[in-house]
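Below are the chains, spelled out letter by letter.
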Amino acid sequence: MTTPEPARRASATFVERHGGDPDGVWFAPGRVNLIGEHTDYNEGFVLPLALAQGVGVAARRRADGVLRVTSRQLEGAEGTVECAVADLAPGAVSGWGAYPAGVAWALREAGHPVTGADLVLDSDVPPGAGLSSSHALECAVAVALLGLSEPDPTTLDRTALARLVRTAENDFVGAPTGIMDQMASLHGVADHALFIDTRSLAVEPVPFDPGANGLALLVLDTRTEHALVDGEYADRRAACAAGAAALGVAALRDVAADDLATLEGRIGDPVVRRRVRHVVTEDARVLSTVERLRAGADLRSIGTLLTASHASMRDDFEITVPQVDLAVHAALAAGAHGARMTGGGFGGCVLALVEAEAIDDVAQAVRAAYAGAGFTAPVPVPARPSAGARRVS
Ligand code: GAF
């Protein structure tokens, strides 16, 4: 496996900034979610794939218990985080530094022997694009810090680690996210999507290789920044919890799509009813998609499920914005087999399943539609299903 560029650059910058080589270099990828949005915190199903792009971390132990992190993306004082591992507690570090510090805290709280360390980070995941740049950072820091103290990779339980990274995100950073992104980054498999049951945390890699079917996965960054530490995500989570309570189930995962029409009437609030409808139907769409991938069906047949997922996010979950709706509409009008927003919502990326030979035409159609609407031009993001977090040297 070739060394990812961010890992190579982090390593070179480490030598410049710290003098001498790092003890090791690690990498963790971002992700694109093929289908299954806002189902993870409802204990449902998701189908993400790890990207080739991600975060590289060059790391070296320090004897004084201090964690010092610098990023190639941020210069000067703003780009430097320094804290004593022993003193870490929620609220102790804010801004981007909360991500690496939160991981050190969660590992320490779980009893891992976290040493002080110098870390240099580099990323090629576009930030705020719904491709999980912050989770890639957290997972890369997690495998680096564990690797410094427990160098035997066979001791690493990736699902347990994903849980720890979620704890860092929820309890230290303060973002109420689910577990999909960490699982994708830690479990990624080349040319496969990952079918994850977020209740049992069972992971099944299912073949997903559009190229082998004459297809391509077009991912476009709509350049409408989304943020998860704001109220909308928490608001959707609360509505789902209210829906589960009204239906008397532990989680919306427990509601079968076929029963929805009969059960819906028990939910008084029409907004909560719509949120529930999205989650329940989205779980069913993930299962149908997985069935087709497992059976080796023509990949084109998942297109309608992708597009239905988008409509559900737009009309029932209400997490899309005009830019992503226009991108989906223009891609479909230009012949895409299916298209949807991917990630937490309120902007970010759109994916479209297209004939390989039509990829440039579809991208051009979306650009033209954006120009007509006066939107900032979208940027294509290469999206190849890739391996998960690993030590690279
Ligand atoms: C974000 C969260 F981090 C995930 O846990 C998931 O809920 C996703 O939004 C929506 O599917 O990426």
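Residues numbered from 1 in each chain as written. Predicted model: local features only at pLDDT ≥ 70, side-chain atom pairs only at ≥ 80, totals over all residues.

Per an unreviewed UniProt entry, the protein is named Galactokinase, and its organism is Nocardioides donggukensis. According to the UniProt record, the Sequence similarities (unreviewed entry) comment for the protein is "Belongs to the GHMP kinase family. GalK subfamily." (UniProt positions renumbered as here; feature names shortened; annotations may be inferred.)

Chemist: I would appreciate a short explanation of the overall build of the protein in the present structure.
Modeler: Secondary structure assignment for the protein yields eleven helices and 13 strands. The C-alpha atoms of the protein give 21 Å as radius of gyration, which agrees with the globular expectation for 393 residues (21 Å, within 12%). Taking all 393 residues of the protein together, the buried fraction comes to 53%. Sequence separation of at least 24 residues holds for 73% of the intrachain contacts in the protein that already meet a minimum separation of 6. (Helix = DSSP H or I, 4+ residues; strand = E, 2+ residues; numbered from the N terminus. Rg over C-alpha atoms; globule rule 2.2 N^0.38 Å. Buried ≥ 20, exposed ≤ 12 C-beta atoms within 10 Å, placed from the backbone. Contact = placed C-beta atoms within 7 Å.)

Chemist: Would you take a moment to explain the nonpolar core for this structure?
Modeler: Nonpolar side chains tend to gather and get buried jointly when the protein is soluble and globular. In this structure, Val57, Ala140, Ala142 and Leu145 are the most contacted members of the largest nonpolar core, which totals 112 residues. Of all the elements, helix H3 (residues 133-149) adds the most residues to this core, at eleven residues. The residues touching alanine 142, leaving out its near neighbours within four places in the chain, are Val103, Leu107, Leu161, Leu164 and Val165. With nine residues, the next largest nonpolar core counts Ala244, Leu252, Val255 and Val279 among its residues. (Core = buried A, V, L, I, M, F, W, Y, C linked by C-beta atoms within 7 Å.)

Chemist: How should the pairing of strand E10 (residues 338-342) be read in this particular structure?
Modeler: Consecutive side chains of a regular strand alternate in pointing toward one face of the sheet and then the other. The element E10 is extensively covered by neighbouring structure, given that five of its five residues are classed as buried. Inspection of the sheet shows E10 paired to strand E11 (residues 349-355) by five bridges, in the antiparallel sense. Residue pairing across strands places alanine 339 opposite alanine 352, the latter belonging to E11. If you look at the hairpin formed by E10 and E11, you'll find six residues sitting between the two strands, and glycine 343 has a positive phi there, around 100°. (Pairing = 2+ DSSP bridges.)

Chemist: Explain the UniProt feature "domain: Galactokinase N-terminal" (unreviewed entry) in the protein here, please?
Modeler: Here, UniProt's "domain: Galactokinase N-terminal" (unreviewed entry) annotation points to residues 13-61. Annotation note: span residues 13-61, helix share 12%, strand share 53%, distance between end C-alpha atoms 16 Å.

Chemist: What am I meant to see in the UniProt feature "domain: GHMP kinase C-terminal" (unreviewed entry) in the protein here?
Modeler: According to UniProt, the "domain: GHMP kinase C-terminal" (unreviewed entry) feature falls on residues 298-371. Split by type, residues 298-371 is 51% helix and 16% strand. Its first and last C-alpha atoms lie 34 Å apart.

Chemist: Is there a simple way to explain the packing of helix H2 (residues 98-109) against helix H4 (residues 158-173) in this structure?
Modeler: Packed helix pairs are characterised by how far apart their axes lie and by the angle those axes make with each other. In contact at an axis separation of 8 Å, H2 and H4 are set at 120° when each is read in the N-to-C sense. Put simply, H2 runs oblique to H4. Handedness of the H2/H4 crossing: right-handed. Contacts from Ala98, Tyr99, Gly102, Val103, Trp105, Ala106 and Leu107 in H2 reach Leu164, Val165, Thr167, Ala168, Glu169, Phe172 and Val173 in H4. Its residues placed into classes, the contact of H2 with H4 shows eleven nonpolar, two polar and one charged. (Axes fitted to C-alpha atoms, helices over the stretch in contact; angles between N-to-C directions. Parallel < 35°, antiparallel > 145°, perpendicular 65-115°, else oblique. Left-handed = near helix turned anticlockwise from the far one by under 90°. Nonpolar A, V, L, I, M, F, W, Y, C, P; charged D, E, K, R; others polar.)

Chemist: Just to check I follow, could you spell out the pairing of strand E7 (residues 192-197) for this structure?
Modeler: Taking burial as the measure, the six residues of E7 include five buried ones, the bulk of the element. Relative to strand E8 (residues 202-207), E7 is paired through six bridges, and the arrangement is antiparallel. By the bridge assignment for E8, alanine 193 is matched with valine 206. Between the antiparallel neighbours E7 and E8 lie four residues, among them leucine 201 with a positive phi of about 65°.

Chemist: How do you make sense of the sheet that holds strand E2 (residues 45-46) when you look at a structure like this?
Modeler: Within a beta sheet, neighbouring strands are joined by backbone hydrogen bonds and run either parallel or antiparallel to one another. The three strands lie next to each other as E2-E7-E8, forming an open sheet whose pairing is antiparallel. The open sheet has two edge strands with one neighbour each: E2 and E8. Its contacts with the sheet put helix H5 (residues 180-187) on E2, E7 and E8, and the angle it makes with E7 is roughly 135°.

Chemist: It is not clear to me how the sheet that holds strand E12 (residues 379-380) should be interpreted in this structure. Could you clarify?
Modeler: In spatial order, the strands read E10-E11-E9-E12; together these four strands make up an open sheet with antiparallel pairing. Of all strands in the sheet, those with a lone pairing partner are E10 and E12, marking the two edges. Against the sheet, helix H10 (residues 322-333) engages strand E9 (215-221), E10 and E11, with an angle of about 165° to E10. Running at roughly 25° to E9, helix H11 (residues 359-373) makes contact with E9, E11 and E12 of the sheet.

Chemist: Got a minute to help me understand the packing of H2 against H3 in this structure?
Modeler: Between H2 and H3, the least distance of the axes is 9 Å, while the angle of their chain directions is 45°. If you check the angle between H2 and H3, you find them oblique. The way H2 lies across H3 gives a crossing that is right-handed. Of H3, the residues touching H2 (which contributes Tyr99, Pro100, Val103, Ala104 and Leu107) are Ser134, Leu137, Glu138, Val141, Ala142, Leu145 and Leu146. In terms of residue class, the contact of H2 with H3 is made up of ten nonpolar, one polar and one charged.

Chemist: It is not clear to me how the environment of alanine 387 should be interpreted in this structure. Could you clarify?
Modeler: Here alanine 387 lies in the loop between E12 and strand E13 (390-391). Setting aside anything within four residues of it in sequence, one finds alanine 387 in contact with Met1, Ala50, Gly188, Val189 and Ala190.

Chemist: Help me understand the environment of glycine 265 in this model?
Modeler: Turning to its location among the elements, glycine 265 is positioned in the loop between helix H7 (260-263) and helix H8 (270-294). Sequence-wise, glycine 265 and valine 69 are 196 residues apart; in three dimensions their C-alpha atoms are separated by 52 Å.

Chemist: Looking at this model, I keep getting lost on the confidence of the model for the protein. Mind explaining?
Modeler: Regions with low pLDDT should not have their predicted coordinates read in detail. The predicted model of the protein has a mean per-residue pLDDT of 96, with 97% of residues at 70 or higher. For this predicted complex, the interface score ipTM comes out at 1.00, alongside a pTM of 0.97. (pLDDT = per-residue confidence, 0-100.)

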